[in-house]
Amino acid sequence: MALFPASFVEDLKSHADIVQVIQERVPLKRSGAEWKGLCPFHGEKTPSFTVNGDRGVFYCFGCSAGGDFIKFIELFDKLTFPEAVRQLAGRFGLPVPEQDQSKQDGEEQRDRDSLLKAHEVAATWFREQLATPAGAAARRQLKDRGLTSETIETMGAGYAPVSRDGLKTRLLKEGFSLPLLVRSGLVVEREQGTVVDRFRNRLMIPICRDNGAIVAFGGRAMDAGQQPKYLNSPETPIYVKGRTLYGLHLSKPAILRAKHAVLVEGYFDFAQAYQGGITNVVASSGTALTPAQARLLKRFAAKVVLSFDPDAAGQGAAARSSELLVAEGFQVNVAMMPSGDDPDTFIRKSGAAAYQDRLKNSRPYLEYLLDRASIGHDLSKDEDRRAFLNAMLAVAARIPDAAARDQFADRLAHKARITEEVVRAEIRKAAVQRQTTVGERMISPVGQIKPAERGLIWAIMKDPQQAVQVLGDLHDGELDGLATADILRQARSLQGCPPAALPQTLLERLSTEEVRLVESISVQPEAPARILTDCVLELRKHRLIRERTAVERQLANLLEQGVPSHDGRIDELGTKQIGLKRQIEAMNQEMAK
């Protein structure tokens, strides 16, 4: 068994910025997409040492030293691999797994390996079924879409027949246990206790990690009235939807060569583009793009051309994805499709060359946004110009690069007919004060957050299994009014998530400001609260105090209005006030034990 579980090393890598780690020891200067400096491992006068932050690697063209940030610490500080890992874990506030925890992680890794093998067997079985007489309708559907046999093979497309337990029988025969199959999501346990195949009478599309491992499936309905139209695997220990981009395992070499990616929505949008020679394409699989997906894509390209459906839902998704990508530092263009077309139908009707032209003529997102946002505003009127400017400040505040913000300010000034100096000043103000100015979710400074909130958040990141149990004891009303209410509610909504995956899954669902807050709490070496259950009691007490304050305010209002003291409503509120006071006193006594 490895000294450190793979999941821990991956977690450590996710916390580190290789540029930041190396810059603490070697002066670096940006050079295009990379950073350069004098190699610390051999004497040189001309920089040949490069660091690629997007890919997380360093390399020296002079002495051929290279690797990830752990390897750099090994070489620079002359440490063994375990020593380097422990040093970096301490640097980022991550507890190193003890031996018993490593054993548990080893068992979890074996479980993940079994789930991956089960998905490989399932993919083979689906492909076999596609070739049978029962798969004729699915083969015809693929042919009607204009997909060649080569593309179908590349996608790994298959067919799930109508039978209730065909796949289950095959997997059991291969030696997989029934509990593991239920965890895999390939089968479903009904309320009656029967276990049946999840996918039935569906055209099957394997979903892979960027390394090519099959981790999930998407199943398209075969019949017109079959619902849902697309049925996807649930999240499992090997599959988190928000971390996966469909087709990246096929397209990443082309993305690296082209230095940009084409982002589409669906499996068949991807298939048509890929078949047409546009091989630098990936798909979001019809879901909202997440920060984790954006960071994954950033390893291969710094520019994205969005090609979504032209309907309202597609354009809304394009706007949300574009803003997220811009905030992550991408250059973003938007390729518009004719009304009624998506990339799949457009390529089938007009050909891949016409689609390639659409991509080449794509417009920078910020220009596209300015035109789209100006609709409905009469920019000859001062009031409309101000409204238009205010709407654009939210976008400007999310642009991380100051030079890019100024460029956007110039375009905005020209569009709104306002002087550039005024617009630049307003945008800079919005960028500095964006939590309050541009309407993002407000998070209080850490010092104003209650110790109980900090204790729960720390536990979610460090001891998620216990934290999930404790969060289950909290009710929505006990989170109301808390500075971290949105974070804790998101954590509660992930109670079915595997504990090991909970911290990263939570971070992927939070805003940038919320992520910063969570990380600032989780890097503390010790828990802010010694007893986790006391955090629940503390928050419950705060809810009671809020209720008592509200009751006292209502009583004061009634008395100010001259309502007689013997009025039934006053008596009712007085009784409630006394009851709340007693509950708070009882809770104080319980917490003092």
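About the cut-offs
The residue numbers shown here count from 1 along each chain, following its written sequence. Per-residue local features are limited, in this predicted model, to residues with pLDDT of at least 70; the limit for side-chain atom pairs, both in listing and counting, is 80 or more; totals at the level of whole chains, interfaces and linings are taken over all residues. Values reported for side chains reflect all heavy atoms of the structure, with hydrogen atoms and water molecules removed beforehand. Only C-alpha atoms enter the line fits that serve as axes; for helices the fit covers just the stretch in contact. Angles between N-to-C directions range over 0 to 180 degrees. Numbering of helices and strands starts at the N terminus; helices are DSSP runs of H or I of at least 4 residues and strands are runs of E of at least 2. We call two directions roughly parallel when the angle between them is under 35 degrees, roughly antiparallel when it is over 145, roughly perpendicular when it lies between 65 and 115, and oblique otherwise. In this scheme, a crossing is called left-handed if the near helix is turned counterclockwise away from the far one by less than a right angle; it is called right-handed if the turn is clockwise. Residues count as neighbours in contact if any of their non-hydrogen atoms are within 4.5 Å of one another. Between any two strands, pairing holds if DSSP finds at least two bridges. Note on ring pairs: Phe, Tyr and Trp rings are taken, using the six-membered ring of Trp, and paired if centres are within 6.5 Å. Classes follow the plane angle, with under 30 degrees stacked, over 60 edge-to-face and the rest tilted. In this scheme, the term charge over a ring applies when either NZ of a lysine or CZ of an arginine sits within 6 Å of the ring centre and within 35 degrees of the ring normal. To define a nonpolar core, start from buried Ala, Val, Leu, Ile, Met, Phe, Trp, Tyr and Cys residues and group those joined through side-chain atoms within 4.5 Å. Working definition: with a 1.4 Å probe on protein chains only, accessible area under 20% of the residue-type maximum means buried, over 50% means exposed, and in between means partly exposed. Residues form patches when they are more than 30% accessible in relative terms and have no salt bridge. Like charges link within 9 Å. Nonpolar side chains (Val, Leu, Ile, Met, Phe, Trp, Tyr) link within 5 Å. Exposure was quantified through the Shrake-Rupley algorithm and a 1.4 Å probe, taking into account, for residues, occlusion by the shown protein chains and nothing else. The term salt bridge refers to a side-chain nitrogen of Lys or Arg lying within 4 Å of a carboxyl oxygen of Asp or Glu.

1. A look at the packing of helix H16 (residues 365–374) against helix H18 (residues 402–416)
Put simply, H16 and H18 touch, their axes get as near as 11 Å, and they point 30° apart. As the angle between them shows, H16 and H18 are arranged roughly parallel. In this structure, H16 meets H18 at a crossing whose hand is right-handed. Of the residues in H18, those touching H16 at Leu-366, Glu-367, Leu-370, Asp-371 and Ser-374 are Phe-408, Arg-411, Leu-412 and Lys-415.

2. Overview of the sheet that holds strand E3 (residues 49–52)
Read from one edge of the open sheet, 5 strands run E1-E2-E3-E4-E5, paired in antiparallel fashion. Each edge of the open sheet carries a strand with a single partner, namely strand E1 (29–31) and strand E5 (66–67). Sheet topology places strand E2 (residues 34–37) next to E3; 3 bridges connect them, and they run antiparallel. Residue pairing for E3: Lys-36 is matched across the bridge by Thr-50.

3. Brief notes about the packing of aromatic side chains
Aromatic ring pairs: the centre-centre distance and the angle between the two ring planes describe each pair. Inspection of every chain in the model, using the stated rule, returns 17 aromatic pairs. One aromatic cluster in this structure is built from Phe-41, Phe-49, Phe-58, Phe-72 and Phe-76. Over the aromatic face of Phe-268 sits the side chain of Arg-145, whose NZ or CZ is 3.9 Å from the ring centroid. Lys-298 extends its terminal NZ or CZ atom over the ring of Phe-330, reaching a point 5.4 Å from the ring centre.

4. Looking at the sheet that holds strand E13 (residues 281–283)
The 5 strands lie next to each other as E13-E12-E14-E15-E16, forming an open sheet whose pairing is mixed. Whereas interior strands pair on both sides, the edge strands pair on one side only; in this sheet they are E13 and strand E16 (363–364). Note: strand E15 (residues 331–334) against E16, 2 bridges, orientation antiparallel. Bridging from a neighbouring strand, Asn-333 pairs with Pro-364 of E16.

5. Describing the nonpolar core
Phe-126, Leu-142, Leu-171, Phe-217, Tyr-246 and Tyr-355 are the most contacted members of the largest nonpolar core, which totals 58 residues. It is helix H5 (residues 99–130) that contributes the most residues to this core, 9 residues altogether. In contact with Leu-171, not counting residues within four places along its chain, are Ala-118, Val-121, Ala-122, Phe-176, Leu-181 and Leu-186. Within the second largest apolar cluster, 47 residues are counted, among which are Phe-300, Leu-393, Ile-399 and Ala-413.

6. Let's talk about the side chain of Asp-111
Here Asp-111 lies in helix H5. Not counting residues up to four positions away in its chain, the partners in contact with Asp-111 are Leu-180 and Arg-183.

7. Looking at a nonpolar patch on the surface
Together, Leu-172, Leu-178 and Val-182 line one region of the surface with nonpolar side chains, adding up to about 190 Å² of accessible area. Overall, the relative accessible area of 31% leaves Val-182 in the partly exposed class.

8. Quick look at helix H12 (residues 291–298)
Each α-helix winds once per 3.6 residues, and so residues spaced three or four apart point in a common direction. The buried fraction of H12 is high, at 7 of 8 residues. Along H12, the residues classified as buried are Pro-291, Ala-292, Gln-293, Ala-294, Leu-296, Leu-297 and Lys-298.

9. With respect to unusual backbone geometry
A cis amide bond links Gln-227 to the next residue, Pro-228, at an omega of -5°. Relative to the assigned elements, Pro-228 resides in the loop between strand E10 (214–221) and strand E11 (230–232). In this structure, Lys-259 is a non-glycine residue whose phi angle is positive, near 65°. Topologically, Lys-259 is positioned in the loop between helix H10 (248–258) and strand E12 (261–264).

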